[in-house]
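A look at the structure
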Amino acid sequence: MARSIEALVNADVLRWARDSAGFDLDDAAKKIGVSANRLFLWEEGESRPTIKQLFKLSNVYKRPATAFYLSKVPQQPTLRYQGDYRRLPNIANDKQSPNLVFALRRAEYRREIALGLYKELDLELPEIPFLLDIEDDVEEGAARVRKFLGVPDEVQIEQWRSPHDAFNGWREALEHVGVLVFQVSRIDISEMRAISIDERPLPYILLNSSDAVNRRVFSLLHEFSHVVLRNGEKTDSTIAAENQSVEVFCNAVASAILMPRRLVLQILENQTIENLNSPEFIDNSANALNVSREAFVRRLVTLNHADEQFYLRMRNQYKEEYLRLKERKKEEGRGRGGPAPSVQAVNSSGYLFSELILSSLSSGKITAKDASNFFGASAKHLPNIEGLVERRRTALRAAN
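Calculation criteria
- Residues numbered from 1 in each chain as written.
- Predicted model: local features only at pLDDT ≥ 70, side-chain atom pairs only at ≥ 80, totals over all residues.
- Heavy atoms only, no water.
- Helix = DSSP H or I, 4+ residues; strand = E, 2+ residues; numbered from the N terminus.
- Buried < 20%, exposed > 50% of the residue type's maximum accessible area, 1.4 Å probe, protein only.
- Contact = heavy atoms within 4.5 Å.
- Areas by Shrake-Rupley, 256 points an atom, 1.4 Å probe, with all protein chains shown as cover.
- Core = buried A, V, L, I, M, F, W, Y, C linked by side-chain atoms within 4.5 Å.
- Salt bridge = Lys/Arg side-chain N within 4 Å of Asp/Glu carboxyl O.
- Patch = residues over 30% accessible without salt bridge, like charges linked within 9 Å, V, L, I, M, F, W, Y side chains within 5 Å.
- Lys, Arg positive; Asp, Glu negative; His and termini not counted.
- Charge placed at Lys NZ, Arg CZ, Asp CG, Glu CD.
- Axes fitted to C-alpha atoms, helices over the stretch in contact; angles between N-to-C directions.
- Parallel < 35°, antiparallel > 145°, perpendicular 65-115°, else oblique.
- Nonpolar A, V, L, I, M, F, W, Y, C, P; charged D, E, K, R; others polar.
- Pairing = 2+ DSSP bridges.
- pLDDT = per-residue confidence, 0-100.
- Phe/Tyr/Trp six-rings, centres within 6.5 Å; stacked < 30°, edge-to-face > 60°.
- Lys NZ or Arg CZ within 6 Å of the ring centre and 35° of its normal.

1. Notes on the overall build of the chain
Within the chain, the secondary structure is distributed over 18 helices and 3 strands. Relative to its 400 residues, the chain shows a buried fraction of 45%. Restricting to contacts in the chain with at least 6 residues of sequence separation, those with at least 24 account for 69%. Of the accessible surface of the chain, which amounts to about 21,700 Å², a share of 49% is contributed by carbon and sulfur atoms.

2. Section: the nonpolar core
Ranked by size, the top nonpolar core spans 58 residues in total, and within it L149, W170, F224 and F296 carry the most contacts. Residue contributions to this core peak at 8 residues, all from helix α10 (residues 236-258). Grouped together as the second largest cluster of nonpolar side chains are 36 residues, L104, F182, I195 and F374 included.

3. Focus on the pattern of salt bridges
Where charged atoms from two side chains of opposite charge come close, those side chains can pair. Taken as a whole and judged by the stated rule, the model has 20 salt bridges. Of the charged contacts, one joins E44 and R15 as a salt bridge, the two residues approaching to 3.6 Å between their closest N and O atoms. Of this pair, E44 sits in helix α3 (residues 36-44) while R15 sits in helix α1 (residues 11-21), and the two are 29 residues apart along the sequence. Take E44: its relative accessible area is 41%, and that puts it in the partly exposed class. Taking relative accessible area as the criterion, R15 reaches 26% and is therefore assigned partly exposed. Between R144 and D136 there is a salt bridge, with the nearest N and O atoms lying 2.6 Å from each other. Relative accessible area serves as the criterion here: at 24%, D136 is assigned to the partly exposed category. Counted as one network, the salt bridges with shared partners bring together D12, R15 and E44.

4. Some details on a positive patch on the surface
A cluster of basic residues, K31, K56, K62 and R186, forms a positive patch at the surface. Residue position: K56 is located in helix α4 (residues 51-61). What makes K56 partly exposed here is its relative accessible area of 35%.

5. Describing the packing of α1 against α3
Following both chains from N to C, one finds α1 and α3 inclined at 125°, their axes separated by 6 Å at the closest point. On the basis of their axis angle, the class for α1 and α3 is oblique. When α1 is examined against α3, the residues A11, L14, R15 and R18 are found in contact with a partner set consisting of L39, W42, E43 and E44. Broken down by class, the residue content of the contact of α1 with α3 amounts to 4 nonpolar, no polar and 4 charged.

6. Some words on the sheet that holds strand β1 (residues 180-184)
Taken together, the 3 strands give an open sheet; going across it, the order is β1-β3-β2, and neighbouring strands pair in mixed fashion. Whereas interior strands pair on both sides, the edge strands pair on one side only; in this sheet they are β1 and β2 (194-197). Within this sheet the neighbouring strands show an average axis-to-axis angle of 15°, counted without direction. Across 5 bridges, the pairing between β1 and strand β3 (residues 204-208) is parallel. Of the residues in β3, the one forming a bridge with Q183 is L207. Seen against the sheet, helix α9 (residues 213-227) touches β1, β2 and β3 and runs at an angle of roughly 155° to β3.

7. Section: the pairing of β1
Two faces, one strand: in a regular strand the side chains alternate between the faces of the sheet. In terms of burial, β1 is largely enclosed, as 5 of its 5 residues are buried. A two-sided burial pattern is seen for β1, the buried positions comprising L180, F182 and V184 on one face and V181 and Q183 on the other.

8. What to know about the confidence of the model for the chain
With 90% of its residues at a pLDDT of 70 or more, the chain shows a mean pLDDT of 87. Put simply, α10 is where the chain has its lowest mean pLDDT, 77, and helix α6 (residues 138-149) is where it has its highest, 97. Long-range and interchain partners of residues 77-84, a stretch whose pLDDT sits below 50, account for 16 contacts in this model, where long-range means more than four residues apart. Low pLDDT, under 50, characterises residues 232-241; the stretch is placed with 2 contacts to residues that sit more than four places away or in other chains.

9. Describing helix α14 (residues 293-302)
A large share of α14 lies buried, amounting to 7 of its 10 residues. Those residues of α14 that fall on the buried side of the exposure criterion are E294, A295, F296, V297, R299, L300 and V301. Once α14 finishes, N304 follows within two positions and takes phi at roughly 65°, a positive value.

10. Remarks on the packing of aromatic side chains
Evaluation of the coordinates by the stated rule reveals 6 aromatic pairs. Geometrically, the ring pair formed by F23 and Y61 is tilted, given 6.1 Å between the ring centres and 45° between the ring planes. With F23 in the loop between α1 and α2 (25-32) and Y61 in helix α4, this residue pair connects regions lying 38 residues apart in the sequence. The residues F23 and Y61 share a single accessibility class, namely buried. When the ring of Y61 is compared with that of F68, the centres are 6.5 Å apart and the planes differ by 40°; the resulting orientation is tilted. The pair Y61 / F68 is uniform in exposure class, with both members buried. These aromatic residues form a ring-pair network of at least three members: F23, Y61 and F68. Sitting over the ring of F102, K62 keeps its end group 5.4 Å from the ring centre.

Here it is, written out as structure tokens:
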């Protein structure tokens, strides 16, 4: 039997790759298919993986196989985003999972690619002003943000017929002003619902595609509120002390953007107290605005048309319904398969990033191989991706 060929890798780089991917020794060994002791010996330089095992390491740690042959550990900046992301209530901010670490790395990489493509295409980078201050009146601040995004009432009420329409519409509005909006999967919403990274230019938002679509809409506006909020120069301790008040403020702004006072009062016109408390009225009102029922009830409390006890009671009811639905879907085996690779690529990348890639491809600035790498999809799917983006262009032209 032929002897397996050892890979002459750098043990220090092996250890760095595991740490930077967010794995502990036991979890990494399980993923790679070896014992924790064997992986430990590799990282100590006392033995080496085979070439076949090296490719497994490369796949698990999401690093090119050639990286493990480097003479020293790469010097690269730590991920700028360290926490304070939107998650389920009462969930501690524990160590980031490997999937989240990779999602953050990939988003940062895509932003760098986008910056390069703007330069290659000789396009002017968009500038996003700071529109909010923590001392602002919430309603006035939300009105400024909504005006900046250019979403008229009639579009939200008359043209967006479903939560998916609303999600695509709000996402388009943010991308139009220069925010990259990416979606990530295989991350539990208990760990992350959304993240915003306010790098200038081209800040970006990550959304968890596992979350309900109307909750993603709220998260999108919540994170954009962070992007346009002027925080000024603050120390880490100041940021930590103010974090909760900032979260409350951004929640309130997102709510007022999605459900402006004028639209809610219009819905409430001629309604009796009994109607306000009826599940049917809440369902219809939330559907009309394409928001979650919980968000609508919370907005009623803010506008003094419901009390806190009513909100808490309804919130618990919605949570129980969600858990029952989740369990039923699990039993029925629904949710398998997933979207086509081309749909997944565009959903993950967003239209702004997709347009940049396709424009660069058509003008000869990048190759088809480059484009497929940026999308994370095989080159054979590029025609379908282009078709999806072109249909979006056509739909936007028709709407305008």
